[in-house]
Amino acid sequence: MMKRSVIDITDLSREEIDGLMRTADDIIENPGKYAHICAGKKLATLFFEPSTRTRMSFEAAMYELGGAVLSMTDAATSSASKGESVSDTAKVISCYADIISMRHPKEGAALVAANAASIPVINAGDGGHCHPTQTLADLLTIKREKGRLGSLTVGLCGDLKFGRTVHSLIQALSRYEDIRIVLISPDELRLPDYVYNDVIVKNKMKCTQTSDLLWALPMLDVLYMTRVQKERFFNEEDYLRLKDSYILTPEKLSHAKPDTAVLHPLPRVNEISVAIDDDPRACYFKQVKYGKYMRMALILKLLQESGAVKEDV
Ligand code: CP
C-alpha cells in the first residue's frame, strides 16, 4: 500500500485519467454502489484561498462516498494566522483525516504539504500553477459532450497567463491524439513560455495564437472561456483595462458551430453573457456536476491505493 498525492495532472497517467472517467461514469449510472464505500473515512479540506465549487464539490463527493469531512474554510481562523507552516499543518491534519484536499495562493504549497503529510494530498489549486481536479472535470465534460477526447480543436480564451486551469488542461490534452489548440488572449495575458515550450512545443501539439475570438470561433469544437484572475494582478489599473477583453454574447456565439461545447471553470464575471446559459452549447453548469463525480473517483482511487479503503467496489 502506498500514499500517493496528486499535485499536478502529470501525476496521473493517461490510462489512469481514462480509468477515473470510467469510474465517474459508473458512479453516475450506479450511485448506490458507491454510497458507503468510504464509510468511516475522513477528508480534510484545507482552503487558504476562497472557493465555492472546488471545496464544496470535494465535500459533497466525500459525503456521497459515505465518508465524513473536516473543513478549514478560512486561513484567518486557523493557526496559519499565528504563523504555523504548511508542513506542520499537513502533519497535524494527517493525525485526524485519511486524505487532504488543499488550496493555497502560493505555487508549490500543495507539494510542500504532500511531502510532509502521511496521507494523500490532492492539490485543489496552488496560485497560478495548476488545478488538476478542475482538469478532470473539464476532461469528463468534453468526453461526455463530444463523445471523444481526441481529434478536437480546442480554443482557450481569456487569461491564459494566470489561469491555472488552462495550464493543467493543455497538459492533459497533450496526451490525446490529434488535438489542435487555439490560444485566444490579449498579448499581456498570453500563455506563459514555460507552458508553451514545455507542453505545446515539446509534445509537437498543433497550436495557433490569436487575440481575435471571432476569427477563431468557427473552427472550434470546444471553447474554454476563463475569467481574468483579478487576485493575481499586481496592479489594479492593468486588471481594469483587461478584465472585459472577451465577452461571449449570443451574437458572437452565432459564429460558432452548432455543436461547439462552451466550457468555463467558473466563477464567471462578465466573460459569458447570462443570455447564453440556456443555449444547448453551454456546458459550464454540467461541468460543475461532473467535477463532483471526478473528485469522487479520485478520492476513492487514492484511498484504495493507500489501503484506507478496500479495492473491490
Ligand atoms: N473552478 C473553481 O476552482 O471554482 P472555485 O474557485 O469556486 O473553487
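What you see is a predicted model; the values in this text were computed from it and never measured.

Here we look at the sheet that holds strand E1 (residues 42-47)
- Taken together, the four strands give an open sheet; going across it, the order is E2-E1-E3-E4, and neighbouring strands pair in parallel fashion. With one partner strand each, in any of the chains shown, strand E2 (68-72) and strand E4 (121-126) form the two edges of the open sheet. Across the sheet, the mean angle separating the axes of adjacent strands is 15° when strand polarity is ignored.
- Note: E1 against E2, five bridges, orientation parallel. The residue bridging Ala44 from the neighbouring strand is Leu70, located in E2.
- Across the sheet, helix H3 (residues 86-93) touches E1 and strand E3 (99-104), and the angle it forms with E3 is around 155°.

Quick word on the packing of helix H1 (residues 14-29) against helix H5 (residues 132-146)
- The geometry of H1 relative to H5 is characterised by a closest axis approach of 11 Å and an angle of 70° between their N-to-C directions. Judged by the angle between their axes, H1 and H5 are roughly perpendicular. Viewed along their axes, H1 and H5 form a crossing whose handedness is right-handed. When H1 is examined against H5, the residues Ile17, Leu20, Met21, Ala24, Asp25 and Ile28 are found in contact with a partner set consisting of Leu136, Leu139, Leu140, Lys143 and Arg144.

As for the state of the cysteines
- On inspection of all chains with the given rule, the structure shows zero disulfides.
- For the unlinked cysteine Cys157, the closest cysteine sulfur is that of Cys207, found at 14 Å.

Some words on the side chain of Ser51
- Structurally, Ser51 is set in the loop between E1 and helix H2 (53-64).
- Within the structure, the side chain of Ser51 is placed 3.4 Å from the backbone nitrogen of Thr54, a separation counted as a polar contact.
- Polar side-chain contacts of Ser51 include one of 3.1 Å to the backbone nitrogen of Arg55.

Conventions used here
- Residues numbered from 1 in each chain as written.
- Predicted model: local features only at pLDDT ≥ 70, side-chain atom pairs only at ≥ 80, totals over all residues.
- Heavy atoms only, no water.
- Pairing = 2+ DSSP bridges.
- Helix = DSSP H or I, 4+ residues; strand = E, 2+ residues; numbered from the N terminus.
- Axes fitted to C-alpha atoms, helices over the stretch in contact; angles between N-to-C directions.
- Contact = heavy atoms within 4.5 Å.
- Parallel < 35°, antiparallel > 145°, perpendicular 65-115°, else oblique.
- Left-handed = near helix turned anticlockwise from the far one by under 90°.
- Disulfide = S-S within 2.5 Å.
- Polar contact = N/O pair within 3.5 Å; in protein donor to acceptor, adjacent residues only side chain to side chain.

By themselves these figures say nothing about function.
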